[in-house]
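# Examination of the molecular architecture
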Amino acid sequence: MKPFEIECVESPSGPAAMVEVRVSGYLDAQTVISFEHTIEQLLQRQHTRFLMDLGALTYISSAGIGALMVLLQQLRRREGEMVILQPSPKVHKILDLLGFTQIFRILADREAALAALGQPLAT
Amino acid sequence: MLPILRRFAGAAAEELGFAPDDVIKIEMAVDEACSNIILHAYAHGVTGPQVIDLRLDTRGEALAISIRDRGRGRPAPADGGTLADYHTLDRANYHGLGTLIIRQFMDEVRYEAEPGQGTSVTMIKHLRPPLGRPDFSSARPVTC
């Protein structure tokens, strides 16, 4: 079973630039602490556009969903945005069963996700 | 610990023939109940071994899951709210969603607590035939 890992790739061009957060393993009541700590650091660096890549996330609990909602809440207050990219089928099913696919902006395509965040595509 | 408990419950549910969505619901209910124990039962200076006792029991066409701790004995969580209450960005926090998930995903939920002795939650999920598979559970032989 894959342990929880979080990787961040920050675009170098200033506060409105995007940060891509890749979460793998499982996001539950025990691993969410590490997730929240990382997110807090990114917010303190003034990032306002988050691309959450959940393709390698195998499970998400209420704690993980709550952390995503709090992040979205904070970003919207800063006129920012979050897009979830291609969650794994199980995580997508969990979000769907709980109605959060109506709340989060979930896209299956990386180009569409970048466009939704107002980011230029790599040439 | 939580991944192991989820997989145990999920594997049992699959083996019993629960539909895929119900397997996920059972995994989540177990995860949320155990998470509540980790977060609350052994907090506030409770001493002694920190144990989660998880038992699965088949009762006819149902799976009964009993989860018990030996912590401080918490009262049953408030039975209020709906999922829609959490579909907003205007909340101060999203605590309580786990308890709601348990009630939404399981068919029956019962809490019992004894102050200083621990808390138990019993959750029951009834087996339903998945789509495409006929339910013959109530069929009776016909003689002509």
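Look up a bit, the structure's there.
Figured I'd write up the structure that's included with this text.

## Observations concerning the pairing of strand S3 (residues 108–114) of chain B
All names here are of chain B. Here S3 pairs with strand S4 (residues 118–126) via 7 bridges, running antiparallel. Considered in S4, the bridge of glutamate 114 is made with glycine 118. Hairpin geometry of S3 and S4 is characterised by an intervening segment of 3 residues between the two adjacent antiparallel strands and by a positive phi of about 80° at glycine 116.

## What to know about the nonpolar core
By size, the foremost hydrophobic cluster in this structure holds 42 residues, and its most contacted members are Phe50, Met52, Ile65, Met82 and Phe104 of chain A. Residues within four places of methionine 52 of chain A in sequence aside, it is in contact with Val21, Val23, Phe35, Leu68, Leu71, Met82, Val83, Ile84 and Leu85 of chain A. Of all hydrophobic cores here, the second largest spans 24 residues; its members include Cys34, Ile37, Met106 and Val121 of chain B.

## What about the packing of helix H1 (residues 32–44) of chain A against helix H2 (residues 62–77) of chain A?
Residue and element names in this part refer to chain A. Closest axis-to-axis distance for the H1/H2 pair is 10 Å, and the angle between their directions is 10°. Our classification of the angle between H1 and H2 gives roughly parallel. Every residue of H2 that contacts H1 at Val32, Phe35, Glu36, Ile39 and Leu43 is listed here: Ala63, Gly64, Ala67, Leu68, Leu71, Gln74 and Leu75. In terms of residue class, the contact of H1 with H2 is built from 9 nonpolar, 2 polar and 1 charged.

## Topic: the interface of chain A and chain B
Taken residue by residue, the interface counts 25 residues in chain A and 27 residues in chain B. Carbon and sulfur atoms supply 69% of the area that chain A and chain B bury against each other, a total of about 2200 Å² over both sides. The largest contributions to the chain A side of the interface with chain B come from Tyr59, Leu97 and Leu98 of chain A, which together make up 25% of the buried area. Counting across the interface, chain A meets chain B through 3 salt bridges. One salt bridge in this structure joins aspartate 21 of chain B and lysine 93 of chain A, with 3.4 Å as the shortest N-O distance. Connecting chain A to chain B are 8 residue pairs in polar contact (both at pLDDT 80 or more). Examining the composition of the side of chain A that touches chain B, we find that 9 residues originate from one element, H2 of chain A, more than from any other.

## Let's talk about the sheet that holds S4 of chain B
All names here are of chain B. Sheet architecture is open: 4 strands sit in the order S1-S2-S4-S3, paired in antiparallel fashion. With partners counted over all chains shown, the strands left at the sheet margins are strand S1 (52–59) and S3, one partner each. Direction aside, the axes of adjacent strands within the sheet are offset by 15° on average. Along the sheet face, helix H1 (residues 2–16) touches S1 and strand S2 (62–69) and points at about 5° away from the line of S1.

## With respect to the sheet that holds strand S2 (residues 18–27) of chain A
All names here are of chain A. Strand order across the open sheet formed by 5 strands is S1-S2-S3-S4-S5, with mixed pairing between neighbours. In this open sheet, the two edge strands, each paired with only one partner strand, are strand S1 (5–10) and strand S5 (106–107). Across 5 bridges, the pairing between strand S3 (residues 49–60) and strand S4 (residues 81–85) is parallel. Each bridged residue has a counterpart across the sheet, and for leucine 51 the counterpart in S4 is valine 83.

## With respect to the packing of helix H2 (residues 20–41) of chain B against helix H3 (residues 97–105) of chain B
Residues and elements named next belong to chain B. Two elements in contact, H2 and H3, have axes whose closest approach is 9 Å; the angle formed by their N-to-C orientations is 145°. Considering how the two elements wind past one another, H2 and H3 form a crossing that is left-handed. Mapping the contact onto sequence places Lys25, Met28, Ala29, Glu32, Ala33 and Asn36 in H2 and Gly98, Thr99, Ile101, Ile102 and Phe105 in H3. Partitioned by chemical class, the residues of the contact of H2 with H3 number 6 nonpolar, 3 polar and 2 charged.

About the criteria used
- Residues numbered from 1 in each chain as written.
- Chains lettered and ligands numbered in written order.
- Predicted model: local features only at pLDDT ≥ 70, side-chain atom pairs only at ≥ 80, totals over all residues.
- Heavy atoms only, no water.
- Pairing = 2+ DSSP bridges.
- Helix = DSSP H or I, 4+ residues; strand = E, 2+ residues; numbered from the N terminus.
- Core = buried A, V, L, I, M, F, W, Y, C linked by side-chain atoms within 4.5 Å.
- Buried < 20%, exposed > 50% of the residue type's maximum accessible area, 1.4 Å probe, protein only.
- Contact = heavy atoms within 4.5 Å.
- Axes fitted to C-alpha atoms, helices over the stretch in contact; angles between N-to-C directions.
- Parallel < 35°, antiparallel > 145°, perpendicular 65-115°, else oblique.
- Nonpolar A, V, L, I, M, F, W, Y, C, P; charged D, E, K, R; others polar.
- Buried area = accessible area lost by both parts, 1.4 Å probe.
- Salt bridge = Lys/Arg side-chain N within 4 Å of Asp/Glu carboxyl O.
- Polar contact = N/O pair within 3.5 Å; in protein donor to acceptor, adjacent residues only side chain to side chain.
- Left-handed = near helix turned anticlockwise from the far one by under 90°.

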